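Structural features, examined
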Amino acid sequence: VGEHSFRYFRLKALESAGVDLARLPFSLKILLENLLRHEDGVSVTSEDVLALARWDPKAVPSREIAFRPSRVLLQDFTGVPAVVDLAAMRDAMKRLGGDPTKINPLQPVELVIDHSVQVDEAGTPRSLSTNTKMEYHRNQERYTFLRWGQDAFKNFRVVPPETGIVHQVNLEYLARVVFTSSDATDEAHAPIAYLDTLVGTDSHTPMINGLGVLGWGVGGIEAEAAMLGQPVSMLIPQVVGFKLFGALPEGATATDMVLTVTQMLRRRGVVGRFVEFFGDGLDHMPVADRATIGNMSPEYGATCGIFPIDDQTLQYLRLTGRPENLIRLIETYTKEQGLFRVPGAPVPEYTDIMELDLATVVPSIAGPKRPQDRVLLRESKEAWETSLQLMLDARPVRPVRPVQLATSAATVTDPKSEQRLEGEGGGGTAVGVEDPHAPSAAYRPLNQGYIGHGSVVIAAITSCTNTSNPSVMIAAGLLAKKAVEKGLTTKPWVKASLAPGSKVVTEYLNDSGLTEPLNQLRFNTVGYGCTTCIGNSGPLSLEISQAIHDDDLVAVSVLSGNRNFEGRINSEVRANYLASPPLVVAYALAGTMDIDLYKEPLGTGKDGQPVFLKDLWPTREEVQETILKSVRVEMFREKYGKVFDGDERWQALPVPHGDLYAWNEASTYVKNPPYFEEMGIELPPLPEIKRARILALLGDSITTDHISPAGAIKVQSPAGKYLLDNGVEVSEFNSYGSRRGNHEVMVRGTFANVRLRNQLAPGTEGGYTRFLPDGDVTSIFEASERYQEQRVPLIVLAGKEYGSGSSRDWAAKGPKLLGIVAVIAESYERIHRSNLVGMGILPLQFGAGDNAEGLGLTGEGVYAVEGLAEALSDSPGGREVTVVVEQAGGMTQRFTATVRIDTPQEILYYKHGGILNYVLRQLLSGRGEPSTSSRTAT
C-alpha cells in the first residue's frame with residue numbers, strides 16, 4: 001500500500017480446502033479472518049475454522065467458536081464498574097499471592113464519558129454551562145477514579161466528558177476499520193493488517209456496523225473478560241439477509257426508515273442472529289443512515305445489523321478526517337480479502353431473506369412503551385387515543401383539579417437549591433381542565449392554554465441514534481428556522497433540549513445558521529452526551545410535576561432516541577414516543593400528542609393564519625444543499641485533534657497514583673465490591689439449589705430497565721435511605737447510573753423500577769414483594785436481606801423476553817448481591833442471559849408451552865433444582881433439569897426446565913462462580929496470558 005508493506009491472513013488460502021468464499025455473508029468472513037488469525041490448536045482449531053468456512057445457513061447454531069475482538073469500547077455508566085472490578089481483582093490477586101499488575105487490559109480499551117450529564121437546566125443560553133458544572137460537581141470522585149485507571153492500567157484511554165456520545169465518537173474517530181499490529185517477537189517483518197472488531201458495554205455498539213466494523217454489545221462482565229484476554233465464546237450464528245432497494249421518498253427521513261426496519265425485524269424474530277444488509281439501496285445510502293439502522297440492533301433483537309464496506313465507507317472516512325494512508329490501506333486490504341462491496345456482486349447465502357422498498361417508507365413514530373411499536377404519523381392521533389384509553393383502564397382515574405402555572409419561557413429546577421429559576425415571560429396557564437366528552441373521564445388539552453393527558457412535557461433531540469446523522473439534524477434546524485419565521489413558539493410546558501452526539505454537530509449547525517432558531521424554540525444545547533434517552537432528562541418544573549401528580553396525568557415525552565421503555569425517560573412521564581429530530585421540534589410546537597399533524601395546525605402564525613407541518617417541513621433538496629455547504633472535513637479534524645486532553649476541569653482533577661487503588665471507605669460513589677471476598681484458589685464444588693424461595697414473579701418483556709437501577713434515586717427508596725444514612729443530602733443524590741461504582745447503592749435499587757409489577761405482591765408497583773412464609777409486604781431489597789440472614793437462596797420467575805433492553809451488567813450483578821441463584825423464564829434476551837451466567841446465576845427456561853401461570857405457580861412454596869450436575873457434565877443426557885416445588889400443605893409439584901448455559905466455556909464460568917472468578921484463577925495459575933501475536937495495535 002503506497003510505500004508500506006503489510007502481512008495479512010489470507011482468506012483465499014481456504015479455497016485449497018474446497019471453501020467457496022463467495023457464498024459466505026460479509027459478517028461471517030470477518031469472523032473467519034478472526035479465527036484464521038488466532039488459530040493456535042487450543043482456543044481455535046483448524047476444525048473451528050473449517051466449520052465456519054463451511055457454514056450451513058439453515059443449521060441450528062450448535063458449534064462454539066472463540067471470537068477475540070480487536071478492542072473493547074466502554075461508556076462511563078458501564079465502564080466505571082468495569083474499572084472498579086479490575087481494581088478489586090488486583091486487590092484479590094495480591095491477597096491470593098499473585099502479581100496485581102497481571103490484571104491489565106491486553107488490547108486497546110477506550111472509555112467515553114458520555115452518560116453522566118443530566119438535563120438540570122434547559123431552554124436557556126446557560127444550559128450547557130450549568131449542566132456541565134453540575135456534572136463535574138456530582139461526578140468528580142468518579143472522574144478522579146477514571147483518571148487513576150488511565151494511569152494505572154495499560155492500553156486504557158479515556159475520552160473526557162462533554163466530548164460526545166460514545167457511539168458517535170466511535171463512528172467519527174475511534175474506529176480503525178483495519179488495524180495494524182507491531183509484532184514484538186519478529187520486528188524484521190512487516191506489520192500485520194487485520195480487521196477492526198470490538199465488543200462494547202453498551203447495547204447500541206452495533207452502530208459501528210454502519211461503517212462495516214463488526215461489533216456488538218456485551219455486559220460489562222464479558223467486556224472485562226475480553227479486556228483480560230479471554231475470548232468471547234459464541235455459537236456460529238445464523239445470518240438474516242435484509243435487502244434494501246429503491247430510495248426514500250420526499251418527506252421521509254432516515255429515522256422513519258429505521259423505525260420501519262425495526263418493526264419488520266422484531267416481527268420476524270432475529271434474536272441471537274446476525275442481520276446483514278445488501279441490495280442496490282446501499283449504492284447511495286450514506287454511512288450516517290446505515291449507522292442509524294445498525295444502532296437499533298438491540299431494538300429489533302439482533303446481535304448486529306451490519307453493512308459491507310464499499311465506496312460510501314471510504315467517502316465517510318474522508319469526510320471525518322481519517323488519514324489518507326489508512327483509507328488506502330482499508331480499500332486495498334478489503335478488496336484483497338473479498339470484503340469490499342461492488343454493486344451487482346452475487347448475493348451471499350443467508351438463513352433467511354427480508355426486503356424493503358425504501359420508496360414505501362412513510363413518516364412514523366414509535367411508542368408509547370416500546371421502540372418496535374411503530375405508528376404511522378398519519379394515524380398517530382387515533383393511535384394515541386387508543387393507547388391513552390388502555391393506560392387509563394389499567395389504573396384508577398382520580399378527579400382532576402385546576403392548577404395554576406407560571407408560563408416562563410424557561411422553567412428549570414436548580415438541583416442544588418430545589419428552587420425554580422425563571423427566564424423572561426409571565427402570565428398563567430391553567431392545568432387539568434376537564435373535557436366532558438372524553439372517554440373514561442380522560443382529560444386532554446383542548447387548546448394552547450391547557451395541559452392534561454397527552455401533553456408533551458419533554459421534547460428532546462438526543463441520543464446517538466439520530467444526532468450522528470446530519471440529514472435529520474439539519475432537517476430539525478431548517479424546520480425550526482421556518483417556524484421562527486412564521487412566529488411560532490414552543491409551548492410553555494414543554495421542556496425542550498438538544499444534546500448533540502459530538503461537537504461537530506454544533507459546528508455545522510452554527511455554520512448553517514440553524515443554531516439560533518433552535519435556541520429561539522428553546523432547543524438550546526444542554527450537553528454532549530446521552531441524556532434523555534437513558535433517563536437523564538432531569539427534573540420537570542415544579543408546577544408541571546405537581547399537576548401530573550395531583551391530577552394523575554398521562555404526560556408524554558417525544559425524543560429522537562432509541563429507547564422508550566416504561567419508567568425510563570422520566571418517572572413522571574408515562575407515555576414516550578421515538579421520533580425524528582424534525583418531528584421532535586414539531587411536537588414541541590404542538591405541545592400535545594392529541595393532534596393530527598396532517599390536518600391540524602401546529603399553531604397560529606404572526607400573520608394570524610394557521611401554520612401546518614407541511615408549511616415548515618424542509619425538502620430533501622434543502623437538506624442536502626445545507627449538508628454540502630456546512631458539513632466539512634476540517635470540522636472533524638479540529639474537534640478530534642486533541643480529543644483525549646479534555647477541558648480545564650478535566651485537567652485540574654487530582655490524580656492518585658499506584659498499582660492498587662486506595663479505596664475510601666466513606667465514599668458513596670466508588671466502593672470495593674464483595675465478589676472475591678470468599679474466593680479461594682481452588683475450584684469450589686458445584687452449588688446445589690435447595691429450599692429456595694421466589695423473590696419476584698414477573699410477566700413478559702421484563703427489561704433490564706425494570707431490573708437494573710436507572711434514573712433518579714427516590715428519597716423513600718432503600719437506596720435513598722442508604723445515602724441519607726451516609727450523610728448525602730437529597731440535592732446530591734445524583735442518579736443510579738452515576739453511582740454504579742457503589743454496589744451498596746445499586747443492590748438497593750435492583751428491581752426498584754417504579755413501573756415494576758411483582759405478581760407475588762399484587763396491587764403494588766415499584767419494587768415490592770412478599771416475604772415468605774410470613775407474607776409481609778416489603779421492598780425487594782429488605783426481603784432479600786431477611787432471606788440472606790436465614791441463608792435462603794432466591795429465584796425469579798418470569799415470562800417471555802426476560803432481560804431485553806440495554807446491556808446492563810447491574811441487571812445481573814444486582815440480583816447476584818440480592819442472593820438470587822437462578823431465574824426461570826420463558827425466554828431470554830441474548831446479552832442478559834450471558835450476563836446471568838457471567839455472574840454465576842443459573843438461567844433456566846420453561847419447557848415448550850410451559851409458563852408460571854400454566855403450571856399454577858403462585859410464587860409461594862419452596863423450590864429445588866435436581867439434576868444440575870448431570871446437565872452440566874459431558875454426558876449425553878442433555879441440558880434438562882427438574883424443578884421441584886413443595887407447596888404449603890405438603891403437595892409436591894415437578895416440572896422440567898432447560899439449562900440455558902449454552903457453551904462449554906459458559907459451563908466453566910458458571911462452575912467458577914462467574915467470569916471474573918474464572919479469569920482470576922486462570923491468571924493465578926499462569927494460564928491467563930494471551931496466545932496471539934497481534935495484541936499491540938495502533
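Our structure's up above, just so we're on the same page.
Keep in mind it's a predicted model, so treat the numbers as computed, not measured.

This brings us to the overall build of the protein chain. Assigned secondary structure in the protein chain consists of 31 helices and 34 strands. Its C-alpha atoms give the protein chain a radius of gyration of 27 Å, near enough to 30 Å, the size a compact globule of 938 residues would have. Partitioning the contacts of the protein chain with sequence separation of at least 6, the portion at a separation of at least 24 is 77%.

Further remarks concern helix H30 (residues 904–912). Among the residues of H30, Gln905, Glu906, Ile907, Tyr909, Tyr910 and His912 are the ones counted as buried. For H30, the elements touching its buried residues are strand S1 (64–67), strand S9 (232–235), helix H28 (830–838), strand S31 (842–846), helix H29 (868–871) and helix H31 (915–924).

Attention now goes to the sheet that holds strand S7 (residues 197–200). Read from one edge of the open sheet, 5 strands run S4-S3-S2-S7-S8, paired in parallel fashion. Each of the sheet's edge strands pairs with one partner strand only, and the pair in question is strand S4 (156–159) and strand S8 (214–217). The average undirected angle you get between the axes of adjacent strands in this sheet is 20°. Pairing between S7 and S8: 4 bridges, direction parallel. Following the sheet pairing, Gly200 is matched in S8 by Gly217. The strands touched by helix H3 (residues 76–95) are strand S2 (71–75), strand S3 (109–112) and S4; relative to S2, the strand with the most contacts, the crossing angle is about 115°. Each of S3 and S4 is contacted by helix H4 (residues 127–152), which is oriented at about 145° to S4, the strand it contacts most.

To continue, consider the pairing of strand S30 (residues 820–825). The buried fraction of S30 is high, at 5 of 6 residues. Pairing of strand S29 (residues 794–797) with S30 involves 4 bridges; the strand directions are parallel. Paired with Leu794 across the bridge in S30 is Ile820. Once the chain exits S30 it traverses H28 before rejoining the sheet at S31, and the crossover so formed is right-handed.

Tallied over the full model, the rule gives 22 aromatic pairs. Ring geometry for Trp148 and Phe153: centres 5.4 Å apart, planes at 75°, overall edge-to-face. Trp148 sits in the buried class, given a relative accessible area of 1%. Residue Phe153 is classed as buried on the basis of its relative accessible area of 4%. One aromatic cluster is present, formed by Phe145, Trp148, Phe153, Tyr661 and Trp663 through successive ring pairs. When the ring centre of Tyr598 is taken as reference, the NZ or CZ atom of Arg378 above it lies at 4.0 Å.

As a further point, take the packing of helix H14 (residues 470–486) against helix H15 (residues 503–511). Where H14 contacts H15, the axes come no closer than 11 Å and their chain directions differ by 45°. What the angle tells us is that H14 and H15 run oblique. Read as a crossing pair, H14 and H15 show a hand that is right-handed. Of the residues in H15, those touching H14 at Pro470, Met473 and Ile474 are Val505, Tyr508 and Leu509. In the contact of H14 with H15, the residues fall into 6 nonpolar, no polar and no charged.

Note on placement: Thr462 falls in the loop between strand S20 (456–461) and helix H13 (464–467). A polar contact is formed between the side chain of Thr462 and the side chain of Thr531, at a distance of 3.1 Å. Apart from the residues within four sequence positions on either side, Thr462 is in contact with Thr467, Ala499, Thr531, Thr532, Cys533, Leu559, Ser560 and Gly561.

A cluster of nonpolar side chains, Val715, Leu724 and Val730, forms an exposed patch at the surface whose accessible area comes to about 200 Å². Positionally, Leu724 belongs in helix H24 (residues 718–725).

With respect to the helices, strands and loops of the structure, His832 is situated in helix H28. Given a relative accessible area of 2%, His832 falls into the buried group.

Most peptide bonds adopt trans geometry, and most residues besides glycine take a negative phi value. In this structure, the amide linkage connecting Gly367 to the following residue, Pro368, adopts the cis form with an omega of 10°. Cis peptide bonds are those with omega within 30 degrees of zero, and the linkage from Leu772 to Pro773 qualifies with 10°. Counting through the fold element by element, Pro773 comes out in the loop between strand S27 (768–771) and strand S28 (776–779). Not every positive phi belongs to a glycine, and Glu162 is a case in point at roughly 60°. With respect to the helices, strands and loops of the structure, Glu162 is situated in the loop between S4 and helix H5 (166–174). In this structure, Arg522 is a non-glycine residue whose phi angle is positive, near 70°. When you line up the elements, Arg522 lands in the loop between helix H16 (515–520) and helix H17 (542–551).

Within the open sheet, the 7 strands sit side by side as S26-S29-S30-S31-S34-S33-S32. Their pairing is mixed. Unpaired on one side and paired on the other, strand S26 (693–697) and strand S32 (862–866) mark the two borders of the sheet. The sheet shows a mean angle of 35° between the axes of neighbouring strands, direction not considered.

Let us look at the pattern of salt bridges. Under the definition given, this model contains 45 salt bridges. The closest approach of N and O atoms between Arg833 and Asp902, which form a salt bridge, is 3.4 Å. Here Asp902 lies in the loop between strand S34 (892–899) and H30 and Arg833 lies in helix H28, a separation of 69 residues in the sequence. For Arg833, a relative accessible area of 8% translates into the label buried. Asp902 sits in the partly exposed class, given a relative accessible area of 29%. The closest approach of N and O atoms between Arg833 and Glu906, which form a salt bridge, is 2.9 Å. One end of the pair, Arg833, is in helix H28; the other, Glu906, is in helix H30, and 73 residues separate them in sequence.

Calculation notes
- Residues numbered from 1 in each chain as written.
- Predicted model: local features only at pLDDT ≥ 70, side-chain atom pairs only at ≥ 80, totals over all residues.
- Heavy atoms only, no water.
- Helix = DSSP H or I, 4+ residues; strand = E, 2+ residues; numbered from the N terminus.
- Rg over C-alpha atoms; globule rule 2.2 N^0.38 Å.
- Contact = heavy atoms within 4.5 Å.
- Buried < 20%, exposed > 50% of the residue type's maximum accessible area, 1.4 Å probe, protein only.
- Pairing = 2+ DSSP bridges.
- Axes fitted to C-alpha atoms, helices over the stretch in contact; angles between N-to-C directions.
- Right-handed = clockwise from strand over helix to strand, strands pointing away.
- Phe/Tyr/Trp six-rings, centres within 6.5 Å; stacked < 30°, edge-to-face > 60°.
- Lys NZ or Arg CZ within 6 Å of the ring centre and 35° of its normal.
- Parallel < 35°, antiparallel > 145°, perpendicular 65-115°, else oblique.
- Left-handed = near helix turned anticlockwise from the far one by under 90°.
- Nonpolar A, V, L, I, M, F, W, Y, C, P; charged D, E, K, R; others polar.
- Polar contact = N/O pair within 3.5 Å; in protein donor to acceptor, adjacent residues only side chain to side chain.
- Patch = residues over 30% accessible without salt bridge, like charges linked within 9 Å, V, L, I, M, F, W, Y side chains within 5 Å.
- Areas by Shrake-Rupley, 256 points an atom, 1.4 Å probe, with all protein chains shown as cover.
- Salt bridge = Lys/Arg side-chain N within 4 Å of Asp/Glu carboxyl O.

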